[in-house]
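Residue-level structure breakdown
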Amino acid sequence: VMDFLATIRPRKISPAPHSLNKIIEEVIILTKPELDSRHIELKVGLEENMPLILLDKQYIRQAIINLVVNARDAMVKKKKGILTIKTEKNSESIILQVSDTGEGIPNENLSKLFDPYFTTKDSGTGIGLTIVYRTIKEHKGDIFVISKVGEGTTFRIVLPRIEKEIHQIAWEEK
């Protein structure tokens, strides 16, 4: 019910400077026992010296949890899967990548992934990725999906850096 309401209700995000890496570390602490119990190896590559970015910590944490849960579920039929979480930066963006070695997503389903109530899971609601998409867009970011059936899926999230926004504000004031 809460997920349903979160999908249809307008929400007000409260962005503040946060470390994306620290939020990811919190998610790892929360989800690692479940991943371990399903024999999913977790590989983490968080780039050092990441700048703070404007995030609503609660919503971004939930989006990352949703991606981890989807990755976990995609590997349910494998005896051993690998979940990789990486961050990197460039001059304009912070990038989060969540990859799995699951079943992959057929091409015909890729365009529907973020649609409300679209799911291929027997017990799924089809709301999780909708919430992820909405959250990333509310943070002025982009999300991309690369998937190959039988090999796995990668979600790549690109979020703007604060420095870019500060520079833009300074430019507009001149």
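Described below are features of the structure shown in this document. (Residues numbered from 1 in each chain as written. Predicted model: local features only at pLDDT ≥ 70, side-chain atom pairs only at ≥ 80, totals over all residues. Heavy atoms only, no water.)

**Here we look at helix H2 (residues 20-37)**
Across its 18 residues, H2 extends 26 Å between first and last C-alpha, which sits within 8% of the 26 Å expected from 1.5 Å per residue. Of all the bends in H2, the largest measures some 45 degrees and sits at Thr31, one to four residues before the proline Pro33. Regarding H2, the residues found buried are Leu20, Asn21, Ile23, Ile24, Val27, Ile28, Thr31 and Leu35. Residues of H2 that are buried sit in contact with strand S1 (16-18), strand S2 (40-46), strand S3 (53-55), helix H3 (57-74), strand S4 (81-89) and strand S5 (93-100). (Helix = DSSP H or I, 4+ residues; strand = E, 2+ residues; numbered from the N terminus. Expected span 1.5 Å × (residues − 1). Bend = angle between axes of the 7 residues up to and from the residue. Buried < 20%, exposed > 50% of the residue type's maximum accessible area, 1.4 Å probe, protein only. Contact = heavy atoms within 4.5 Å.)

**So, the nonpolar core**
In terms of nonpolar packing, the biggest core is built from 33 residues, with Leu20, Ile64, Leu83, Ile85 and Leu96 touching the most fellow members. Elements with a minimum of two residues in this core: H2, S2, S3, H3, S4, S5, helix H5 (128-138) and strand S7 (152-160). (Core = buried A, V, L, I, M, F, W, Y, C linked by side-chain atoms within 4.5 Å.)

**Some words on the environment of Glu138**
Structurally, the position occupied by Glu138 is in helix H5. Distance in space between the C-alpha atoms of Glu138 and Leu55 is 9.6 Å, their sequence separation being 83 residues. Discounting residues that sit within four places of it in the chain, Glu138 has contacts with Arg11 and Ile13.

**Observations regarding the pattern of salt bridges**
Using the criterion set out here, one finds 12 salt bridges in the structure. Of the charged contacts in the structure, one is a salt bridge between Glu34 and Arg38, with a shortest N-O distance of 2.5 Å. Residue Arg38 is classed as partly exposed on the basis of its relative accessible area of 32%. Between Lys137 and Asp142 there is a salt bridge, with the nearest N and O atoms lying 2.6 Å from each other. The exposure class assigned to Asp142 is partly exposed, which follows from its relative accessible area of 34%. Taken together, the shared-partner salt bridges connect Glu34, Arg38, Arg72 and Asp73 into one network. (Salt bridge = Lys/Arg side-chain N within 4 Å of Asp/Glu carboxyl O.)

**Points about the sheet that holds S5**
Spatially, S2-S4-S5-S7-S6 is the arrangement adopted by the 5 strands of the open sheet, whose pairing is mixed. Unpaired on one side and paired on the other, S2 and strand S6 (142-148) mark the two borders of the sheet. Averaged over all neighbouring strand pairs, the angle between strand axes comes to 10 degrees, with direction disregarded. In this sheet, S5 lies alongside S4 in antiparallel orientation, the contact comprising 7 bridges. What sits directly across from Thr84, in S5, is Ser99. Taken strand by strand, H3 contacts S2, S4, S5 and S7, and its axis lies near 25 degrees from that of S5. Running over the sheet, H5 touches S6 and S7 and is turned about 140 degrees from S6. (Pairing = 2+ DSSP bridges. Axes fitted to C-alpha atoms, helices over the stretch in contact; angles between N-to-C directions.)

**Things to note about the packing of H2 against H3**
Interhelical geometry of H2 versus H3 gives an angle of 40 degrees and a closest axis separation of 10 Å. Of the possible angle classes, the one that applies to H2 and H3 is oblique. Every pair of crossing elements has a handedness; the one defined by H2 and H3 is right-handed. Within the contact between the two elements, H2 uses Leu20, Ile23, Ile24, Glu26, Val27, Leu30, Thr31, Glu34 and Leu35 and H3 uses Lys57, Ile60, Arg61, Ile64, Ile65, Val68 and Arg72. Grouping the amino acids of the contact of H2 with H3 by side-chain chemistry returns 10 nonpolar, 1 polar and 5 charged. (Parallel < 35°, antiparallel > 145°, perpendicular 65-115°, else oblique. Left-handed = near helix turned anticlockwise from the far one by under 90°. Nonpolar A, V, L, I, M, F, W, Y, C, P; charged D, E, K, R; others polar.)

**Details of empty space enclosed by the protein**
Inspection of the entire model under this criterion finds 1 cavity of 30 Å³ or more. If you list the elements that add at least two residues to the lining of the largest cavity, you get H3 and S7. The element best represented in the lining of the largest cavity is H3, accounting for 3 residues. Class assignment of the residues belonging to the lining of the largest cavity gives a composition of 8 nonpolar, no polar and no charged. (1 Å grid on protein atoms, 1.4 Å probe; cavity = no way out; pocket = protein on both sides within 12 Å on 5 of 7 lines; lining within 4 Å. Points joined across faces, edges and corners; volume = space filled by probe spheres on them.)

Keep in mind these values describe shape, not function.
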